[in-house]
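# Understanding the architecture of this molecule
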Amino acid sequence: MAETVIETDGLTKFFGGRCVVDELDLSIERGSIFGFLGRNGAGKSTTIRLLLGLLEPTRGSSRMLGTDSRALAPRDRARIGYLPEGHHVYGWMSVEECGRFQRSFYRHWNDDIFRAVLSHFRLDRRNKSGNLSRGQRAGLCLAMVLAPEPELLVLDDPALGLDPVARRSLIQSMLFVTRKADRTILFSSHMLSDVERVADEIAVLDCGTLRAHCRLETFRRQVRQITLRHRGGTLELPALPGLLQTFRSEGEVSLTVANLDPASEEALRALPGVSFEEEPMGLEEAFIGYVGERGEKSFFTTDLKGIK
Amino acid sequence: MKALFWKETRENLKWALLAAAGITAAMFYALRSSPNEFQYGRETWQTLCSPPFLLISSFGFPAVALALGFLQILTELRRDQWAFLVHRPVTRNAIFWGKAFPGAALYLFAVLVPLFGVGYWVSLPGSVAAPFDWRLVQAPLWDAIAALAFYFAALQSGVMSGPWFGRRLLPLVAVCFGAVAIKISWQFPAAVTGALTVLVLSLFSAWAAFLSNGSFRNAPAWGKAAMTFLGLFGVGVLSGWLVAGWQLAFPRPPYTGKDVRITKSGQPVMVTQEGQWMKKVVTFDGAEIHPENKGAFSWEDFLRGSYLPLRQERTGSEWRSARTYFMPVQNNYALPVFWYFVNDRALFARYGQISKRLEGWLGPSGMTESPVPPAAGFDLRPNTNFYGIDALLVCKDSIWRPELNRSEVSKIYSVPEGEKLLGAQAVYEPDRGDDRRFDFALATDRTVEVRAFDGVPIFSIPQISNLGDYSQVELFRMPDRSRYFLLYIGRYDLDPRPPSVLVESSAAGDVAKKTPVPSDPGQPWKWDLQTVWNASTKPFGQTLWEQALGRLYSACGVQKWMPIWKHKEPWRTRTLQFWGLSLLFGMVCAGVGQVLFKRLAIGGRPRWIWTVFLLFYNGAGLLVLACLHEWPRKKRCANCGGRRSVERSVCGCCGASWPPRQPDGTEISELSKPG
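The structure displayed is predicted, hence computed values, not measured ones. (Residues numbered from 1 in each chain as written. Chains lettered and ligands numbered in written order. Predicted model: local features only at pLDDT ≥ 70, side-chain atom pairs only at ≥ 80, totals over all residues.)

## Structural notes on the confidence of the model for chain B
Counting all residues, the mean pLDDT for chain B is 87, and 94% of those residues have values of 70 or more. Looking over chain B, one finds the lowest element-wise mean pLDDT in strand β5 (residues 326-332) of chain B, namely 81, and the highest in helix α5 (residues 138-159) of chain B, namely 96. (pLDDT = per-residue confidence, 0-100. Helix = DSSP H or I, 4+ residues; strand = E, 2+ residues; numbered from the N terminus.)

## A word on the domain arrangement of chain A
Residues and elements named next belong to chain A. Domain assignment breaks chain A into domain 1 (4-207) and domain 2 (222-304). One C-alpha centre belongs to domain 1, the other to domain 2; they are set 38 Å apart. At the interface, 9 residues of domain 1 touch 5 residues of domain 2. Secondary structure elements with two or more residues in the side of domain 1 that touches domain 2: β3 (33-38), α7 (192-198) and β9 (201-206). Looking at the side of domain 1 that touches domain 2 residue by residue, the class counts come to 4 nonpolar, 2 polar and 3 charged. (Domains from an automatic or database assignment. Contact = placed C-beta atoms within 7 Å. Nonpolar A, V, L, I, M, F, W, Y, C, P; charged D, E, K, R; others polar.)

## Side note on the interface of chain A and chain B
The interface of chain A with chain B comprises 42 residues on the first partner and 33 residues on the second. Secondary structure elements with two or more residues in the side of chain A that touches chain B: β1 (4-15), β2 (18-29), α2 (74-77), β10 (209-215) and α8 (216-222) of chain A. Element by element, the count of residues in the side of chain A that touches chain B is highest for β10 of chain A, at 6 residues. For the side of chain A that touches chain B, the per-class residue count stands at 18 nonpolar, 13 polar and 11 charged.

## Brief notes about the domain arrangement of chain B
All names here are of chain B. Looking at the assigned domains, one finds that chain B contains domain 1 (2-249), domain 2 (256-302), domain 3 (307-516) and domain 4 (532-628). On the domain 3 side, the residues contacting the 22 residues of domain 1 number 20 residues. Split into classes, the residues belonging to the side of domain 1 that touches domain 3 amount to 13 nonpolar, 6 polar and 3 charged.

## Points about the sheet that holds strand β20 (residues 511-516) of chain B
Each strand in a sheet pairs with its neighbour through backbone hydrogen bonds, running either in the same direction (parallel) or in the opposite one (antiparallel). Residues and elements named next belong to chain B. In space, the 5 strands of this open sheet follow the order β4-β17-β18-β19-β20, with antiparallel pairing throughout. A strand with exactly one partner marks an edge of an open sheet, and here the two such strands are β4 (306-309) and β20. When strand polarity is set aside, the average angle formed by the axes of neighbouring strands in this sheet is 20°. Where β4 meets strand β17 (residues 470-477), 4 bridges bridge the pair, whose relative direction is antiparallel. By the bridge assignment, Pro 309 is partnered in β17 with Gln 472. (Pairing = 2+ DSSP bridges. Axes fitted to C-alpha atoms, helices over the stretch in contact; angles between N-to-C directions.)

## Examining the sheet that holds strand β12 (residues 408-414) of chain B
Residues and elements named next belong to chain B. One open sheet accounts for 3 strands, arranged β10-β11-β12; its pairing is antiparallel. Of all the strands in the sheet, the pair left with one neighbour each is β10 (393-394) and β12. Where β10 lies against strand β11 (residues 398-403), 2 bridges are found, and the strand directions are antiparallel. The partner of Val 394 across the bridge, within β11, is Ile 399.

## Observations regarding unusual backbone geometry
Even without a glycine there, the phi angle at His 87 of chain A is positive, about 50°. For His 87 of chain A, the position within the fold is in the loop between β6 (80-83) and α3 (95-103). By C-beta crowding, His 87 of chain A is classed as buried, having 26 other C-beta atoms within 10 Å. The phi angle at Asn 293 of chain B is positive, at roughly 65°, despite the residue not being glycine. Its place among the elements puts Asn 293 of chain B in the loop between β3 (277-283) and β4. According to the C-beta neighbour criterion, Asn 293 of chain B is exposed, with 4 such atoms within 10 Å. (Buried ≥ 20, exposed ≤ 12 C-beta atoms within 10 Å, placed from the backbone.)

## What about the packing of α5 of chain B against helix α7 (residues 176-184) of chain B?
Two quantities define a packed helix pair, namely the angle between the axes and the distance from one axis to the other. All names here are of chain B. Axis separation between α5 and α7 bottoms out at 8 Å; the angle between their running directions is 165°. Viewed along their axes, α5 and α7 adopt a mutual orientation that is roughly antiparallel. The interaxial crossing formed by α5 with α7 has right-handed handedness. Note on element contacts: α7 touches α5 through Gly 178, Ala 179 and Ile 182, opposite Trp 142, Asp 143, Ala 146, Ala 147 and Ala 149. (Parallel < 35°, antiparallel > 145°, perpendicular 65-115°, else oblique. Left-handed = near helix turned anticlockwise from the far one by under 90°.)

## Details of the pairing of strand β16 (residues 457-462) of chain B
Residues and elements named next belong to chain B. Relative to β16, strand β15 (residues 447-452) runs antiparallel, the two being bridged by 5 bridges. Bridge pairing in β16 links Glu 449 to Ser 460. The turn joining β15 and β16, which pair antiparallel and follow one another in sequence, is formed by 4 residues; a positive phi near 100° is taken by Gly 455.

## Details of the packing of helix α8 (residues 188-211) of chain B against helix α9 (residues 221-249) of chain B
Residues and elements named next belong to chain B. The contact between α8 and α9 brings their axes to 8 Å, and the two run at 130°. Comparing their axes, α9 and α8 come out oblique. The element α8 and its partner α9 pack so that their crossing is left-handed. On the side of α8, the interface is formed by Val 198, Leu 201, Ser 202, Phe 204, Ser 205, Trp 207, Ala 208 and Leu 211, while α9 contributes Trp 222, Gly 223, Ala 226, Met 227, Phe 229, Leu 230 and Phe 233.

Right, dumping it as structure tokens:
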């Protein structure tokens, strides 16, 4: 059985009266690349801070590399690389000084990796880090985080605000660290194409609640979009467990469903005068369908009458 | 750690340099803004102890400390930046010291370099027409040390979590105590004790705040203790501000007291004074008298006395005043020179107003026109202060009269063999023109005399027999010199206090009358609401500290202190009643605290410690507890309907767990958690 590197148990965080992480039970195994997904304010960054012991949980607990997050010692932190969102660097330091400053905290420092990532992002060591572009700053931060060769890499929305080229460079660098099989990456992102490219497993957080915790393929498989075409009028649908969204237009009902069981599928197929079509979904569409607004929407041309 | 030192120094050096430049400019402005005079209340001759200079050290230094502290911590506290810093494999200890050490060093650099730089400039001949003593640095130096607490308070306030008005504001208010103690405490040991206590508490509080990530609950025990006691100082300062505000809004009635005066017709009277108003004037027989042609008596209606001390009282030094080291004596714009009396050398020093340089020294052997002081100074009595123009210089066995316009000093009296000189002062004769003095009074252990400045005896009377009962004698002379009055003031430190005595004498020194002065019973003692409030709200713990410090200072010979069992009645009983009330209120607060402990989930040993704390620090302790402790959110329990803390897994009332989330069928859970 694979070793668990991150584990939470009823992890809960309140900010004032607002619950931002609610009873989170999660486990991540060594060697996996774990995508942490959710809308803005879903609680991803807070969860990461709780995992790293930077915030005190209201209740519940979490463990990183077998150690309680609240008791992470410097030697544990040395094994965990953390890249916070915003890619902060001290603007008055040069790239070289940033590296030297970061290196002073670590016993193990692979300068080849540091240099390789810098050159990948085409960074001049003499440049002031305050003059770097957002993408270059991200590269510098990543170089600083990767050079100590951490066992576990935690990246909080690393691609935020980066252009596609910088994002691609970032992912390439990130993959670089996973050449060794026992390295684990936990990263949160809004860029689902990036997640799709690298993640093995994902967790979807919605309003502080864990709604999905599965392999990427499973998520894509379980969230389905079905179009029912009919001859007009109002189509009465059977009760569907896992129904996320219904979109009605003339002669067509589009359903987004999670965990559609065979009996429900059979019931839909058996509706009289209705054709059953399933449309393939990418991760982005599946994610939007999964965490987007729920309920029924409609669009009929008759609604446009009277609008000039 | 070295890297953190380097980073913090590099990052904040610019602010320290800016602050140093600002402080230097302000210091020079304070020294140069007004001419170097010591008349009309200007005291720029005091240089590093002058009021404008001390204004900079009292308010400017704390402002620099606060600014540097907040600049250092607030710029780092952006969420991701702080997280990136503290996640590095380094202990919180190292992060705190990595910030605090360079930060404190930069603060000290920003204030001490200008201070010592300006001090050096002042010490250079030709800079200021006044003597210089490096001990003048002492007052602003202690201001700088006390203000270091503001730096630590800023660090703590920045790191602490919670709303700004509670545990974040309290340390900032608390450290004002140290700065105020240094500024207003007349006694050096008390000032330093107050400032250092607050400084140490603020350092430990800030350190603990870093270790606990800004949480009071997670702070180590010593950190909680430091934060709590610092909080007590904060509550003390807040209550002081409240009282000051209250008194500003509702001023107290003016001071009322009784005093013995002699009218110009030679009638001894008791004057009841309310502020400056002489409300009631009665003779010793109790008959009220009224002035002619005006509504109330004024000071001109009475004889002006000369005070002659009979005992050498131990006095504390004005440690924040340059007068401790040298005194301005006279200025002469015609010559033009300034005269000072330098205490350590017991010599007069003359400074040129134009050259601003030392021109010479005046001592018992005459004037020396050289910056090199003569070896022998005046043989002053201990604790002698030299005050003002035309004043007398009272030595151990002689009295000297300086005539500084002529750069001369002459001996006008030598004490006879076997007598001890106690004190001397000029005799005021307003009727001979504008307060000019021509005669002086002196007291030895055998006689009280009046002599002319040329030494001719005018009046002499033997000392009162029980001299040890009196602290001083005040001599009055009738304008026509026909009669003299000697008012012997009974010592306050004796119990019971000996009554003061008024001796009336003829010009020949024959005692005509000896009248005991009617004693002033003072305000009658009564228990009222304000007394009860004052007695009960003063924490018993504070009383204990005061007793302990009193004992310590007494052991060091700094001040007098008497244990409670040696106090006389009725003061002992009243003091014990005060303490009892304070303890009673402490017990009430400890009882109220039990409700808070339940709400804050404080149990076991901490509960006992807090209970004892509230017993000793009553209302102030409750406020500190309420401010510092994190208050857990509560939600309604689905099982019992009661309000339960969100921090606990089970309900405190019914023991129910939080209800599991109801699945809606959309959950995708493939990777179940092991176990």
